[in-house]
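# Report on the structure
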Amino acid sequence: MNIFCKKMNSSAQMHTLEALMASMIMIGVIVFAVEATSLTPLTSSTANAHIESQL
């Protein structure tokens, strides 16, 4: 029974590590997407307002 317990413990640790790494990747993708979309040409800014005023 001791061997079975060690095998389950190792498997559980690997699943936990996998879940942590997956969550870190997901957080990184979300942060990247938010940063990338916050600087679009349609974002209201002084440059966009200047271009709209010229039109």
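Use the structure listed above.
This write-up is about the structure you can find in this document. (Residues numbered from 1 in each chain as written. Predicted model: local features only at pLDDT ≥ 70, side-chain atom pairs only at ≥ 80, totals over all residues. Heavy atoms only, no water.)

### Overview of the overall build of the protein chain
The number of helices and strands found in the protein chain is two helices and zero strands. Burial statistics for the protein chain: of 55 residues in total, 2% are counted as buried. Here the protein chain displays about 5300 Å² of accessible surface, and carbon together with sulfur accounts for 74% of that area. (Helix = DSSP H or I, 4+ residues; strand = E, 2+ residues; numbered from the N terminus. Buried < 20%, exposed > 50% of the residue type's maximum accessible area, 1.4 Å probe, protein only. Areas by Shrake-Rupley, 256 points an atom, 1.4 Å probe, with all protein chains shown as cover.)

### Focus: a nonpolar patch on the surface
A cluster of nonpolar residues, M14, L17 and M21, forms a patch on the protein surface that exposes about 320 Å² of accessible area. For M14, the location among the structural elements is in helix α1 (residues 2-37). According to the relative accessible area criterion, M14 is exposed, its value standing at 52%. (Patch = residues over 30% accessible without salt bridge, like charges linked within 9 Å, V, L, I, M, F, W, Y side chains within 5 Å. Salt bridge = Lys/Arg side-chain N within 4 Å of Asp/Glu carboxyl O.)

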